[in-house]
Amino acid sequence: MELDRATGPRAACTGVALAAELGPDLQRLAQLALATLWLLDAVLQAEPSMFTGGAGGFSSMLAAGAAGNPTPVAWSISWAAGVVAHWPVLSNSAFVLVQLVIALGLTRRRTLRPALLLSVAWSLVVWWFGEGLGGVLVGAASPLGGGPGSVLFYALAAVLLWPCPGADAPFVAARALGVRAARGVWLGTWLVLAVLSAAGAARYPGLLRGLVQGVEPGEPGWLLAIDHLSTAVLQQEGTWVTVGLALLCLLVGASVYAGPLPTKLGTAAAALAFLIIWVFVQDLGGILAGGATDPNSGPLVVLLALLYWPLRETDGARHRAPVVPG
Amino acid sequence: MSGAATTPAGLYYLVAGLVLAVAAYSALLVVVSLGRRRPGLDVEVSHLAMGLAMAGMLVGALAFGPAVAWELVFGASLLWFLGRAWASLRRFGIHLPHSAVHALMSLAMLLMFFTASGSATRGLRGSGLSLPLAFLLLVSAVSTLAAANRGWPVYGSHRDTPAAAPPSALERPLLLDASHVVMALAMSLALLSAP
């Protein structure tokens, strides 16, 4: 994009000048944040180990997701892992390409809708074959570890960021679904997280400790030190942590119905909690250890929380028509 | 990169080819611009250096020159673009200077050479900087693409210096943006794949 020589960088093109009058399009910013996360996933998927078959390769990661699932689900996951093991380069190249297409598609308004639809479809495929349904049917889908499946949050974000003309107020997520439906989605999401926090094996310290221990090898020293602290806390107080998380989820879910201030507190608490979880339990998704294909649920939940941050009508979010490129 | 010998066929060679293409395009722009005092020349020189250095890091056979020399090059580049970014912020106010993105790229290159040469006590991942650097590079790539498609709703441009001379026929916005995106993706892959 060339520079307007007379006015500097602040009005480099008509689109930017129009945006300058209306204020930043927060929905568009969030879409670009989602695009960045998909681009990160594509880069992680392109790591050398992902192109190799056999033990330690991507196919073995997929095969591990079959364990504990009902027979039909486990069979389908094992079948997919077998295909990947047979054609590791071709299959992983396809996976990288799909995620690249999604990310690049989200950066262009003309391809935004198809990219969002593709991201939803791909997220569901990955949730089944890549994450083994997030461990939901196994009883081990703790939100601490990314349950009910980190990739589902990509699909949820895609729905909440469906492009629609209108104001970002009262919150960005309402622009696509309307206020009532958006609040319902938020409540439903946090109810699910609350149940998963407290139900099944999620509240047992042994499983919780394993969430941290499972991502230790290969990580930098400072993160290992954090892991040791997290492991000790979860071993001793794991049940209280999960109960506390469940209560927090319930409060966060209900906060959107209580007015702007409780909503701000709820969304801020949600973002802060999952930021802490992302660092102290999810180990930044295991990205620094190598072998991760996504940053886990932490950043996605933070993004979702931002979509529900209350906005005033006078926060520059006046009614805007979609910017037509070209 | 240390993993080049064990990677499946084509991946690092493909990326090396792409960054060499960026380097070649940048070299053309540098040659065409010689003597014209065209603003943005430092960006093209930077792309040329990064392309050559990245190709050598991705495919060992393409590497040349001592690592210390590259560390000096990208250290100087980092300081230069930090100064340019500061000057741009003072002149135009709050915005995203393109020179800031190149400072980030120079930092990433410096870090990769610094850790690869063994000067650091632990690898790139151990520094804890690979993830934030890679993420910021990806942000710059997405913002470049969005700005190029008029989908970027906030102020600023990825080029913060007005041209003193008419652009040459070689300066196509699509190629300039593509160069940036290719370099950002290649460096992100290198940062996240490093030991």
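Remember, predicted model here, so these are calculated numbers, not experimental data.

Draft legend 1. Structural view of the overall build of chain A. Across its full length, chain A holds 13 helices and zero strands. By residue count, 50% of the 326 residues in chain A fall in the buried class. Taking the intrachain contacts of chain A between residues at least 6 apart in sequence as the baseline, contacts between residues at least 24 apart amount to 72%. Accessible area for chain A stands at about 13500 Å²; split by element, carbon and sulfur atoms hold 72% of it.

Draft legend 2. Molecular detail of the overall build of chain B. Along the backbone of chain B there are six helices and zero strands. Scanning chain B from its N terminus toward the C terminus, one meets helices and strands in the order α-α-α-α-α-α. Sequence separation of 24 or more characterises 78% of the internal contacts of chain B that already satisfy a separation of 6 or more. Carbon and sulfur atoms provide 73% of the accessible area of chain B, an area that totals close to 8300 Å².

Draft legend 3. Broad picture of the environment of Ala198(A). All names here are of chain A. Counting through the fold element by element, Ala198 comes out in helix 9 (residues 179-198). Ala198 sits in the partly exposed class, given a relative accessible area of 33%. Linking Ala198 and Ala246, residues 48 residues apart in sequence, is a C-alpha distance of 6.1 Å.

Draft legend 4. Region of interest: the packing of helix 9 of chain A against helix 11 (residues 221-255) of chain A. Residue and element names in this part refer to chain A. As a packed pair, helix 9 and helix 11 sit with axes 8 Å apart at the nearest point and diverge in direction by 170°. Between helix 9 and helix 11, the crossing angle belongs to the class labelled roughly antiparallel. Contacts between helix 9 and helix 11 involve Trp186, Leu187, Trp190, Leu191, Leu193, Ala194, Ser197 and Ala198 from the first element and Thr242, Leu245, Ala246, Cys249, Leu250, Val252, Gly253, Ala254 and Ser255 from the second.

Draft legend 5. Focus on unusual backbone geometry. Residue and element names in this part refer to chain A. The residue after Gly147, namely Pro148, is reached through a cis peptide bond having omega 0°. Within the element layout of this structure, Pro148 appears in the loop between helix 6 (112-130) and helix 7 (150-160). For the peptide bond that leads from Ala169 to Pro170, omega is 0°, which places it in the cis range. Here Pro170 shows up in the loop between helix 7 and helix 8 (174-177). With phi around 75°, Asn296 is a residue other than glycine that occupies positive phi space.

Draft legend 6. Fine view of the environment of Ala146(B). If you trace the backbone, Ala146(B) turns up in helix 5 (residues 130-148). A C-alpha to C-alpha distance of 23 Å links Ala146(B) and Ser106(B), two positions 40 residues apart in sequence.

Draft legend 7. Geometry of the confidence of the model for chain B. Residue and element names in this part refer to chain B. Looking at chain B, the pLDDT average stands at 79 and 76% of residues meet or exceed 70. Across chain B, element-level confidence peaks in helix 3 (residues 67-92) with a mean pLDDT of 92 and bottoms out in helix 5 with 85. Within the model, the stretch residues 1-6 combines pLDDT values under 50 with nine contacts to residues more than four positions away or in other chains. In the predicted complex, the global pTM is 0.86; the interface-specific ipTM is 0.83.

Draft legend 8. Region of interest: a nonpolar patch on the surface. All names here are of chain A. Residues Leu191, Trp240, Val243, Leu247 and Leu250 make up a contiguous nonpolar surface patch of about 510 Å² in total accessible area. When residues in the nonpolar patch are grouped by element, the largest group, four residues, is from helix 11. Here Trp240 shows up in helix 11.

Draft legend 9. Geometry of the packing of helix 1 (residues 11-33) of chain B against helix 2 (residues 41-58) of chain B. Residues and elements named next belong to chain B. Packing of helix 1 against helix 2 brings their axes to within 8 Å, and their N-to-C directions diverge by 155°. With respect to their mutual orientation, helix 1 and helix 2 come out roughly antiparallel. For the pair helix 1 and helix 2, the crossing hand works out as left-handed. Of the residues in helix 2, those touching helix 1 at Tyr12, Val15, Ala16, Val19, Leu20, Val22, Ala23, Ser26, Ala27, Leu29, Val30 and Ser33 are Leu41, Glu44, Val45, His47, Leu48, Gly51, Leu52, Met54, Ala55 and Leu58. Grouping the amino acids of the contact of helix 1 with helix 2 by side-chain chemistry returns 17 nonpolar, four polar and one charged.

Draft legend 10. Examining the packing of aromatic side chains more closely. All names here are of chain A. In total, this model carries twelve aromatic pairs over all chains according to the counting rule given. A centroid spacing of 4.7 Å and a plane angle of 55° characterise the contact between Trp38 and Tyr154, whose relative ring orientation is tilted. Remark: Tyr154 occurs in helix 7 and Trp38 occurs in helix 2 (residues 26-45); sequence separation between them is 116 residues. Since its relative accessible area comes to 1%, Tyr154 is described here as buried. Members of the aromatic cluster, connected to one another through ring pairs, are Phe171, Trp186, Trp190, Phe274 and Tyr308.

Draft legend 11. Seen up close, the environment of Ser197(A). Inspection of the secondary structure puts Ser197(A) in helix 9. Taking C-alpha positions, Ser197(A) is 28 Å from Leu40(A), a pair spaced 157 residues apart along the chain.

Draft legend 12. Expanded view of the side chain of Ser77(B). Residues and elements named next belong to chain B. In this structure, Ser77 sits in helix 3. The class for Ser77 is buried, based on a relative accessible area of 11%. Excluding residues within four positions of it along the chain, Ser77 makes contact with Ser46 and Ser106.

Draft legend 13. Structural detail: the nonpolar core. Ranked by size, the top nonpolar core spans 115 residues in total, and within it Leu34(A), Met54(B), Met109(B) and Met187(B) carry the most contacts. If one sorts the elements of this core by residue count, helix 2 of chain A sits on top with ten residues. Counting residues in each nonpolar core, the second largest holds five residues, with Ala66(A), Val73(A), Ala74(A) and Ile77(A) among its members.

Draft legend 14. Looking closely at the pattern of salt bridges. Residue and element names in this part refer to chain A. Throughout the structure, instances matching the rule amount to four salt bridges over all chains. A salt bridge links Asp25 to Arg175, with the shortest nitrogen-to-oxygen separation between them at 2.8 Å. Separated by 150 residues along the polypeptide, Asp25 in the loop between helix 1 (14-22) and helix 2 and Arg175 in helix 8 bring together distant segments of the chain. Under the relative-accessibility criterion, Arg175 is labelled buried at 11%.

Rules of the game
- Residues numbered from 1 in each chain as written.
- Chains lettered and ligands numbered in written order.
- Predicted model: local features only at pLDDT ≥ 70, side-chain atom pairs only at ≥ 80, totals over all residues.
- Heavy atoms only, no water.
- Helix = DSSP H or I, 4+ residues; strand = E, 2+ residues; numbered from the N terminus.
- Buried < 20%, exposed > 50% of the residue type's maximum accessible area, 1.4 Å probe, protein only.
- Contact = heavy atoms within 4.5 Å.
- Areas by Shrake-Rupley, 256 points an atom, 1.4 Å probe, with all protein chains shown as cover.
- Axes fitted to C-alpha atoms, helices over the stretch in contact; angles between N-to-C directions.
- Parallel < 35°, antiparallel > 145°, perpendicular 65-115°, else oblique.
- pLDDT = per-residue confidence, 0-100.
- Patch = residues over 30% accessible without salt bridge, like charges linked within 9 Å, V, L, I, M, F, W, Y side chains within 5 Å.
- Salt bridge = Lys/Arg side-chain N within 4 Å of Asp/Glu carboxyl O.
- Left-handed = near helix turned anticlockwise from the far one by under 90°.
- Nonpolar A, V, L, I, M, F, W, Y, C, P; charged D, E, K, R; others polar.
- Phe/Tyr/Trp six-rings, centres within 6.5 Å; stacked < 30°, edge-to-face > 60°.
- Core = buried A, V, L, I, M, F, W, Y, C linked by side-chain atoms within 4.5 Å.

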